[in-house]
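Coordinate inspection notes
As a plain string of letters, each chain reads:
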Amino acid sequence: MSTSDPLNLNRSSHILIVYLMASPRSGFAIVTPASRGIGFALARYLLQHTDLPIIATARRNSDNLRHRLLCGMENSAAEQRLSVFDVDVTEEPTVRSLADDIRQTHPKAPLRLALTVPGILHVEKSPSQIDAHATLESFKVNTIGPMLLMKHLTPFLPTRSSPLFDPLDGEVKLPQHAIYAMMAARVGSVSDNRMGGWYSYRASKAAVFQLAKTLDLYLEGKCADRAISLAMHPGTVKTDFTNSYQDGREMLSAEESAERLLGVLGSLGLEGRGRCWDWKGCEVRP
């Protein structure tokens, strides 16, 4: 980056606008990845129903994702509030680059809402179907990816001396503390496992319950009541991710799930920290 272009405006012409809009009392939100499914729906809903600056990521083709997120929106402020970056959660240099971009675009504003939703599904109905390469991929995306995001994004959360966030003017009401949310899954719950199967997915998502709790213990000491961590279960959502096992069963749309999840996050107080919550506001036990 040249010193004559400190905000790297040649690469991202909207950065200056977002930089001016983000404030310590409002903060910013990030959805990663947001290229499809529930991540895309969450980013769109936040753009449409909040006033927060939004950061979204895609593994590739971030310009295309930006176009799709803004498609059909008549509110020009949404375009000004949106930043989109290329991030592959399995490649730490790209996650580190995202953190560097955030330091440029939001040098003073804290992270108010993090929605980290990477996920991949390999279905093994019996132990004989377990494949080492596919299992490693499951853990890289579903477990290690969230860990790398946690490593590089948590420094942006408010500290115990930070002011509380102002209530939002938009339609989505969020608490005055920050929320760092990770996408788990009900099938990652050991206590709820009644059918078996899905070995790599269950195991890699079970780890997210532990990550959310462990991070929250850290935040409780570092941030006190200014930031919490938790896990989410979006319900059974009809997306490309679930194409292989829809079988005519009743499913939520990604948009319905996103709206319900954000409603739950807005209603949770500090007592919700370190736990997993589903789209109906019910706790999913580990």
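This write-up is about the structure you can find in this document. In this text the structure is predicted, and so the values were computed from the model without any measurement.

Right, let's get into the overall build of the protein chain. Helix and strand content of the protein chain: eight helices and nine strands. By the burial criterion, 54% of the 286 residues in the protein chain qualify as buried. Nonlocal contacts in the protein chain, meaning residues at least 24 apart in sequence, comprise 75% of its contacts between residues at least 6 apart. A total accessible area of about 13,400 Å² is found for the protein chain, and carbon and sulfur atoms account for 51% of it.

Mapping D88 onto the fold places it in the loop between β3 (82–86) and α5 (92–105). No salt bridge is formed by the buried D88, whose closest oppositely charged neighbour, R59, lies at an N-O distance of 4.9 Å. With residues near it in sequence (within four places) discarded, D88 still touches R59, T94 and V95.

Attention now moves to the pattern of salt bridges. Counted according to the given criterion, the structure contains nine salt bridges. Here R103 and D100 are joined by a salt bridge, their closest N and O atoms 3.1 Å apart. Here R103 and its partner D100 are both found in helix α5, three residues apart, which amounts to about one turn of the helix. The exposure class assigned to R103 is partly exposed, which follows from its relative accessible area of 44%.

Another point: the sheet that holds strand β5 (residues 178–183). Spatially, β3-β2-β1-β4-β5-β6-β9 is the arrangement adopted by the seven strands of the open sheet, whose pairing is parallel. Unpaired on one side and paired on the other, β3 and β9 (276–278) mark the two borders of the sheet. Neighbour to neighbour, the strand axes of the sheet diverge by 20 degrees on average, direction disregarded. In the sheet, β5 pairs with strand β6 (residues 227–233) via six bridges, with the strands oriented parallel. Its bridge partner lying in β6, A178 is registered against A227.

Moving on, we come to the packing of helix α6 (residues 132–153) against helix α7 (residues 199–222). In the contact formed by α6 and α7, the axes pass within 8 Å of each other and the chain directions differ by 15 degrees. Classified by the angle between their axes, α6 and α7 sit roughly parallel to one another. For the pair α6 and α7, the sense of crossing is right-handed. Of α7, the residues touching α6 (which contributes T135, S138, F139, N142, T143, P146, M147 and M150) are S200, Y201, A203, S204, K205, A207, V208, L211 and L215. Of the residues contributing to the contact of α6 with α7, the split by class is 10 nonpolar, six polar and one charged.

Procedures and definitions
- Within any chain, residue numbers begin from 1 and follow the written order of that chain's sequence.
- Predicted model: local features are reported for residues with pLDDT of at least 70 only, side-chain atom pairs are reported and counted for 80 or more only, and whole-chain, interface and lining totals are derived from all residues.
- For side-chain calculations, the full set of non-hydrogen atoms in the structure is used, while hydrogens and water are omitted.
- The secondary structure listing takes helices from DSSP runs of H or I that are at least 4 residues long and strands from runs of E that are at least 2 residues long, numbered from the N terminus.
- In this scheme, a residue with accessible area under 20% of its type's maximum is buried, one over 50% is exposed, and one in between is partly exposed, where area comes from a 1.4 Å probe on protein chains only.
- Only heavy atoms matter for contacts: two residues are in contact if any of them lie within 4.5 Å across the pair.
- Working definition of accessibility: Shrake-Rupley area with a 1.4 Å probe, residue cover restricted to the visible protein chains.
- The charged-residue count follows a simple rule in which Lys and Arg add positive charge and Asp and Glu add negative charge, with His and chain termini not counted at all.
- Between Lys or Arg on one side and Asp or Glu on the other, a salt bridge is scored when a side-chain nitrogen of the former is within 4 Å of a carboxyl oxygen of the latter.
- Pairing between strands is defined by DSSP: at least two bridges between the two strands are required.
- Fitted lines through C-alpha atoms serve as axes, helices being fitted only where they are in contact, and the angles separating the N-to-C directions of these axes extend from 0 to 180 degrees.
- Orientation labels follow simple angle bins: below 35 degrees gives roughly parallel, above 145 gives roughly antiparallel, 65 to 115 gives roughly perpendicular, and whatever is left gives oblique.
- Here is the rule for handedness: rotate from the far helix to the near one, and if that takes an anticlockwise turn smaller than a right angle the crossing is left-handed, while a clockwise turn gives right-handed.
- Throughout this entry, Asp, Glu, Lys and Arg are counted as charged residues, while Ala, Val, Leu, Ile, Met, Phe, Trp, Tyr, Cys and Pro are counted as nonpolar. The remaining residues, Gly among them, count as polar.

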